[in-house]
Each structure stands twice: as structure tokens, then as C-alpha cells.
Amino acid sequence: MKSEKFWNARKRFSHIAGKPLGVPIRIHYSVYLTLLLFAIYGLVKNVDYSNPWPDLLGEGIFLLFLTTIFASILLHELGHSVVASILKRKVTGIIIYPLFGGTVFKHTRSSSPGNDFLIANAGPLMNFAIAGILSHLNSLNFINAIAEVNIWIGCLNLMPLWPLDGGRILKSLLALKGWRHTKINRIMLNSSRLSALGMGLTAFTSRDYLSLIFIAFLLLIAHAEFSKSNDKPSKE
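Residues numbered from 1 in each chain as written. Predicted model: local features only at pLDDT ≥ 70, side-chain atom pairs only at ≥ 80, totals over all residues. Heavy atoms only, no water.

Chemist: Quick rundown of the overall build of the chain? Include the residues and the values.
Modeler: Within the chain one finds 8 helices and 4 strands. Listing every helix and strand of the chain by position from the N terminus yields α-β-β-α-α-β-β-α-α-α-α-α. Evaluated residue by residue, the chain yields a buried proportion of 40% over its 236 residues. Counting contacts in the chain only where the partners sit at least 6 residues apart, residues at least 24 apart contribute 63% of the total. Of the accessible surface of the chain, which amounts to about 13800 Å², a share of 67% is contributed by carbon and sulfur atoms. (Helix = DSSP H or I, 4+ residues; strand = E, 2+ residues; numbered from the N terminus. Buried < 20%, exposed > 50% of the residue type's maximum accessible area, 1.4 Å probe, protein only. Contact = heavy atoms within 4.5 Å. Areas by Shrake-Rupley, 256 points an atom, 1.4 Å probe, with all protein chains shown as cover.)

So this is what it looks like as C-alpha cells:
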């Protein structure tokens, strides 16, 4: 969930892919670059010099799986958008990146912590619902893998690390308690640090260095949001 300024700044590097439910969906060009790089990597890694023809079927299935991941991220963001629309909060659009997505809201001061809590929960709940539906369809490995990805997306987003949904849920709960912004910001920063530390150690022991970079990126966002805003309300 990001600001309208964020949306306008990224129009140059994305294109509109559609407007489901009246919400503009923008796909960042890095999504297509990611698909291309994975396709090249798969072809080079699995090259068999005794067979001049690459495993195009296997590559196609893998790229289809990557596409379903992006689709799962899109549905996650649509979950935010639908609940926001029900609560009368204006949605500017959705933008999809290779590793994450963002729902952009029109800046307003009328949003309440209770509404923010419901909107933040909607994304992970959408992923869990998708996983539940897919797990009851059949036992195909491909379908099960998509269900597992949606469970992973939902659980990851519930981590209390800003700007993930879990961080927004925690912030809205603290605001509902009527705590001062300085105290909320301090708690949010410490929660983000602890979450990043735990997630980082897990990624490091698993040698998942791409996730380490992603976690560090999220922590930088949290620091920018809260470390210099202890004397005023933070902006969303």
C-alpha cells in the first residue's frame, strides 16, 4: 500500500495491463526482464550437447509457474483493493514487481486504524483462500506448488516488518490503542529490525541470498519510514 506520489513516479517504467474491477493494473518492465533472464538461465544450465534441442516443454512449464506467482501477487493486491473500495477508500491502482506488488491509495486523512487493519489483512487472506481452493481441486504437482506459493506469500506478508502487511497490521493495532506516534514509530522500527534479523538468519542458513537482499531492502524502507519520524505522524 503506497502513496499516489509513488504511483506517478513509476508510470515511466511500467504499462497498464488492464482494469479489473475498475482498478488500473500496471506491470513493471522488470517483470518481463525477470522472465527473460530465468528462461535464458534455464536453457544454459540444462543444455545437453548430445541433444541440440533444448527442453522447451520444461522451460515453458517453469515460465508458466513464474507467471502464476505474479498472478498470485496480483490477486493479493486485488484483495487489498476490494476491501478498500468497500470501505470507501479510493484506490489509484496496483503495480506489480518481480518480488512484490503494491496497492496505491489516493492520499486521504479520513482513513481510520480500523479500516487500515481490515485492508492490510485482506491480501494474506486472499492468498490463503486461493491455497485452500487449489488444494481441493486435484493432486497435480503443479497445482500443489501454486497452492504452496500462495501459503508462502500469505505467511511472509504477515511478518511484522514494515512495509509488509504484518507491519501495517501491527501499526494499526497500536494506533487503535491510542498510543502516541513517537511510541508507535519506535515499536515499529524495533519490530522491523527483529523480524528482519530472524528472516535474514533463516535465509542465510538456507543460502538464499536473493531473499537476503530483499529483506535488507525492506529494512531500509522501515528505517526511512520510522527512524526520522519520531516527532510527527508517519505518512502512508
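Next comes the rest of the description.
Chemist: Please provide a residue-by-residue account of the side chain of Ser 191, values included.
Modeler: Tracing the backbone shows Ser 191 in helix H7 (residues 181–205). Contact partners of Ser 191, with chain neighbours within four places excluded, come to Pro 160 and Leu 170.

Chemist: So what about H7? Which residues, and what values?
Modeler: Between its terminal C-alpha atoms H7 stretches 36 Å, which fits the 36 Å expected from 25 residues at 1.5 Å a residue. What H7 keeps buried is the set Ile 184, Asn 185, Met 188, Leu 189, Ser 191, Ser 192, Ser 195, Ala 196, Met 199, Gly 200 and Ala 203. Buried residues along H7 sit in contact with helix H5 (141–157), helix H6 (165–176) and helix H8 (209–226). (Expected span 1.5 Å × (residues − 1).)

Chemist: Would you mind going over the side chain of Ser 72 in detail, with residue names and values included?
Modeler: With respect to the helices, strands and loops of the structure, Ser 72 is situated in helix H3 (residues 56–86). Apart from the residues within four sequence positions on either side, Ser 72 is in contact with Asn 127, Asn 150 and Ile 153.

Chemist: So what's going on with the packing of aromatic side chains? Which residues, and what values?
Modeler: All chains considered together, the criterion is met by 1 aromatic pair. Taking 6.2 Å as the distance between ring centres and 70° as the angle between the ring planes, the aromatic pair formed by Phe 65 and Phe 142 counts as edge-to-face. Residue Phe 65 is found in helix H3, and its partner Phe 142 is found in helix H5; the two are separated by 77 residues along the sequence. In this structure, Arg 168 is placed above the aromatic ring of Trp 162, and the distance from its NZ or CZ to the ring centre is 4.3 Å. Geometry around Trp 179 places Lys 183 over its ring, the cationic atom sitting 4.1 Å from the centre. (Phe/Tyr/Trp six-rings, centres within 6.5 Å; stacked < 30°, edge-to-face > 60°. Lys NZ or Arg CZ within 6 Å of the ring centre and 35° of its normal.)

Chemist: Lay out helix H4 (residues 113–135) in plain terms, naming residues and giving numbers.
Modeler: Across its 23 residues, H4 extends 34 Å between first and last C-alpha, which sits within 8% of the 33 Å expected from 1.5 Å per residue. Along H4, the largest kink reaches about 30° and is centred on Ala 122; proline Pro 124 follows within four residues of it. If you check which residues of H4 are buried, you get Asp 116, Ile 119, Ala 120, Asn 121, Ala 122, Gly 123, Pro 124, Asn 127, Ile 130, Ala 131 and Leu 134. (Bend = angle between axes of the 7 residues up to and from the residue.)

Chemist: Tell me about the pairing of strand S3 (residues 91–96), and name the residues and values.
Modeler: Burial within S3 is extensive, with 6 of its 6 residues counted as buried. As defined by bridge partners, strand S2 (residues 25–28) adjoins S3 across 3 bridges and the pair is classed as parallel. The residue bridging Arg 26 from the neighbouring strand is Ile 95, located in S3. (Pairing = 2+ DSSP bridges.)

Chemist: If you had to explain the packing of H4 against H5 to someone new, which residues and values would you point to?
Modeler: One way to put it is that H4 packs onto H5 with a least axis distance of 8 Å and a crossing angle of 160°. Viewed along their axes, H4 and H5 adopt a mutual orientation that is roughly antiparallel. Where H4 crosses over H5, the handedness of that crossing is left-handed. Across the interface between the two elements, Pro 124, Asn 127, Phe 128, Ile 130, Ala 131 and Leu 134 of H4 pack against Ile 143, Ile 146, Ala 147, Asn 150, Ile 151, Ile 153, Gly 154, Cys 155 and Asn 157 of H5. (Axes fitted to C-alpha atoms, helices over the stretch in contact; angles between N-to-C directions. Parallel < 35°, antiparallel > 145°, perpendicular 65-115°, else oblique. Left-handed = near helix turned anticlockwise from the far one by under 90°.)

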